[in-house]
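Per-entry structural report
If you want the building blocks of each chain, they are given just below.
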Amino acid sequence: MNDLRWIIPVAALLLGIGVWLMLPGGGPRRRGIGALAGTVAFGLLGSQLPGLGEWVSQSVFTVLAVVTVISAAGAVTFRNPVYCALWFGLSLVGTAGLFFIQGAQFLAVATIIVYAGAILVTFLFLLMLAEPSGRARYDRTSWEGMLAAASGAVLVGLLSMTVVGVLDPERGRSPPVAVTDLDRQQGVLGGEYVRPLGKALFERYLIAAEAAGVLLLAALVGAAVIVGQPQARLVGPPPTSPGPQDAGGEPRAS
Amino acid sequence: MPVDERALLANYLVVGAVLFALGAIGFVSRRNLITVFLAAEIMLQGVSLSLVAWGRFYNDWAGQMLVLFIIAVAACEAAIALAMILMLFRCRGSLDVALWHELREENLPPPADQEPGEPPPPGPPEWPRLTPAGRQPEIPREATDFRPRV
């Protein structure tokens with residue numbers, strides 16, 4: 001298997017190229033090529049992941065991971081912010097599924113409720129400010145797409161090589177670990193999901209829970225203060241570009 | 001044959017890394033304020049996925065507990081961020097990040113802006129429409145005419 005070590009860097013490179021081509025700023029043809037490169041990259045990366053050894057777990061994981069990753073790519077690269085938000089919602093559903101099969105059932109439900117139910121809907125309300133169907137100029141360009149995609153590709157490549165190199169049992173670094181019967185009686189694998197989590201939250205992590213409550217209150221008050229400010233105090237220096245009628249503007253060199 | 005826990009952990013960590021990288025790319029390169037914050041949430045999702053996988057690997061609740069606090073902090077962040085986006089939109093009338101480029105450091109050049117390589121979609125702007133369904137209710141004319149905007 002050692003000869004195939006180049007596949008992960010190639011996959012990361014293809015992923016970077018694909019995301020770069022799909023970012024706003026190119027035409028539909030560039031976008032198609034980028035989607036193709038990204039699909040090939042995901043396939044290559046997936047082929048290098050160690051197999052789970054059981055086809056049911058493997059197929060469930062594969063489906064959920066593909067849905068999550070592809071919809072995240074869609075959320076990052078679509079022009080229309082409404083579609084971005086919808087792709088993000090699909091990505092949240094995939095993440096919740098992945099949580100679910102990892103023994104984090106409460107977190108799966110909380111992700112759906114908090115993210116998809118509250119945050120995403122608030123985003124969609126705010127999207128009424130945006131111009132529809134990717135019409136605005138700032139939705140059709142992107143900052144330094146190539147550099148951003150290159151750094152993302154480096155990140156994916158390094159992390160995947162490290163993770164797969166250390167944790168793949170076939171590559172000889174570490175023996176496979178299976179769940180023992182002792183594990184099945186306690187902890188996350190114990191078959192009980194919500195009650196131990198709540199117990200841990202309100203016993204061992206009680207102070208952290210209180211701090212999170214204070215943080216939520218502070219955020220609530222802060223948001224109310226930010227939005228409730230009188231208009232006159234917030235108007236800063238005049239904008240350096242035309243107003244919304246020109247569909248966004250470009251910064252002028254000062 | 002039981003599932004190999006190390007392989008499971010490796011799979012989840014790679015998916016988390018890909019999510020984080022995609023979010024980072026979007027956070028750096030997109031110009032719509034709302035899309036930027038969606039990308040930040042995608043980065044948080046990647047980290048949460050890795051934490052849950054570690055929690056299962058060590059058979060411990062601490063990973064899930066951290067994700068719980070991540071969700072709480074993300075809710076705070078979304079509330080503050082959306083309030084700020086609303087105020088920024090009120091000030092400049094646009095969601096473009098480039099309109100706030102004077103907040104950069106003094107010795108840095110202004111960000112380079114290139115022409116968009118693709119034209120806007122043709123035709124008038126499409127606003128979402130609802131498909132009519134059911135029977136149209138009979139509303140007296142004077143009840144509809146007094147609304148300033150429907």
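Residues numbered from 1 in each chain as written. Chains lettered and ligands numbered in written order. Predicted model: local features only at pLDDT ≥ 70, side-chain atom pairs only at ≥ 80, totals over all residues.

1. Considerations on the overall build of chain A
Just so we agree on the cut-off: Secondary structure follows DSSP: runs of H or I at least 4 residues long count as helices, runs of E at least 2 residues long count as strands, and numbering of each begins at the N terminus. With C-beta atoms placed from the backbone, a residue counts as buried when 20 or more other C-beta atoms lie within 10 Å of its own, as exposed when 12 or fewer do, and as partly exposed for counts between those limits. By the convention adopted here, residues are in contact when the distance between their C-beta atoms, placed from the backbone, does not exceed 7 Å.
Across its full length, chain A holds 9 helices and 0 strands. The linear arrangement of helices and strands in chain A, starting from the amino end, is α-α-α-α-α-α-α-α-α. Here chain A holds 254 residues, and the buried ones make up 39% of them. Of the contacts formed within chain A by residues at least 6 apart in sequence, a portion of 59% connects residues at least 24 apart.

2. Side note on the packing of helix α3 (residues 55–77) of chain A against helix α2 (residues 33–57) of chain B
Defined as follows: Every axis corresponds to a line fitted to the C-alpha atoms, with the helix fit spanning only the stretch in contact, and the corresponding angles, defined between N-to-C directions, vary from 0 to 180 degrees. Working rule for angles: under 35 degrees goes down as roughly parallel, over 145 as roughly antiparallel, 65 to 115 as roughly perpendicular, anything else as oblique. Helix crossings get a hand from a simple test, with the near helix turned counterclockwise from the far one by less than a right angle marking a left-handed crossing and a clockwise turn marking a right-handed one. For this classification, Asp, Glu, Lys and Arg are treated as charged, while Ala, Val, Leu, Ile, Met, Phe, Trp, Tyr, Cys and Pro are nonpolar and the rest, including Gly, are polar.
Orientation of α3(A) relative to α2(B), taken along the N-to-C sense of each, is 155°, at an axis distance of 9 Å. As the angle between them shows, α3(A) and α2(B) are arranged roughly antiparallel. Handedness of the crossing formed by α3(A) with α2(B): left-handed. Along the contact surface, α3(A) presents A:Ala72, A:Ala75 and A:Val76, while α2(B) presents B:Leu38, B:Ala39 and B:Ile42. Its residues placed into classes, the contact of α3(A) with α2(B) shows 6 nonpolar, no polar and no charged.

3. Quick look at the domain arrangement of chain A
For the record, the criterion: Note: domain ranges come from an automatic or database domain assignment.
Parsing chain A into structural domains produces domain 1 (1–81 + 132–173) and domain 2 (190–230). Just the C-alpha atoms count here: the centres of domain 1 of chain A and domain 2 of chain A sit 34 Å apart.

4. Observations concerning the interface of chain B and chain A
Counting from both sides, the interface comprises 84 residues of chain B and, opposite them, 107 residues of chain A. Breaking the side of chain B that touches chain A down by element, the ones donating at least two residues are α1 (5–29), α2 and α3 (62–92) of chain B. Of the residues forming the side of chain B that touches chain A, the biggest block, 23 residues, is contributed by α3(B). Tallied by class, the residues present in the side of chain B that touches chain A amount to 56 nonpolar, 14 polar and 14 charged.

5. Examining the environment of B:Pro111
Residue and element names in this part refer to chain B. Checked against the element boundaries, Pro111 lands in the loop between α3 and α4 (141–145). Classification of Pro111 as partly exposed rests on a count of 15 C-beta atoms within 10 Å. Separated by 58 residues in sequence, Pro111 and Ala53 have C-alpha atoms that sit 39 Å apart.

6. Some words on the nonpolar core
Heads up, the condition is: What we call a nonpolar core is a set of buried Ala, Val, Leu, Ile, Met, Phe, Trp, Tyr and Cys residues whose membership is set by joining through C-beta atoms within 7 Å.
Ranked by size, the top nonpolar core spans 101 residues in total, and within it B:Val14, B:Leu22 and B:Leu38 carry the most contacts. Counting residues per element, this core draws most heavily on α1(B), which supplies 16 residues. When sequence neighbours within four positions are dropped, the list of residues in contact with B:Val14 reads A:Leu45, A:Leu49, A:Ser160, A:Val163 and A:Val164.

7. Points about the confidence of the model for chain B
Note that predicted coordinates carrying low pLDDT should not be read in detail. All names here are of chain B. Stated formally: Each residue carries a pLDDT value, the predictor's own confidence for that position, ranging from 0 to 100.
Per-residue confidence for chain B gives a mean pLDDT of 83, with 87% of residues at or over 70. At the level of individual helices and strands, chain B shows its lowest average pLDDT in α4, which scores 69, and its highest in α2, which scores 92. For this predicted complex, the interface score ipTM comes out at 0.84, alongside a pTM of 0.83.

8. Observations regarding the confidence of the model for chain A
Per-residue confidence for chain A gives a mean pLDDT of 81; residues scoring 70 or more make up 83%. Predicted confidence is poor over residues 241–254 of chain A, with pLDDT under 50, and the contacts of this stretch with residues over four places away or in other chains come to 31 contacts.

9. Let's talk about the environment of A:Val19
Relative to the elements of secondary structure, A:Val19 occurs in helix α1 (residues 7–22). Residue A:Val19 is classed as buried on the basis of its C-beta count, with 29 C-beta atoms lying within 10 Å. Sequence separation between A:Val19 and A:Gly152 is 133 residues, and the spatial gap between their C-alpha atoms is 9.2 Å. Leave out the neighbours within four places in its chain, and A:Val19 touches A:Gly34, A:Gly38, A:Ala73, A:Thr77, A:Ala149, A:Gly152, B:Leu22 and B:Ile25.

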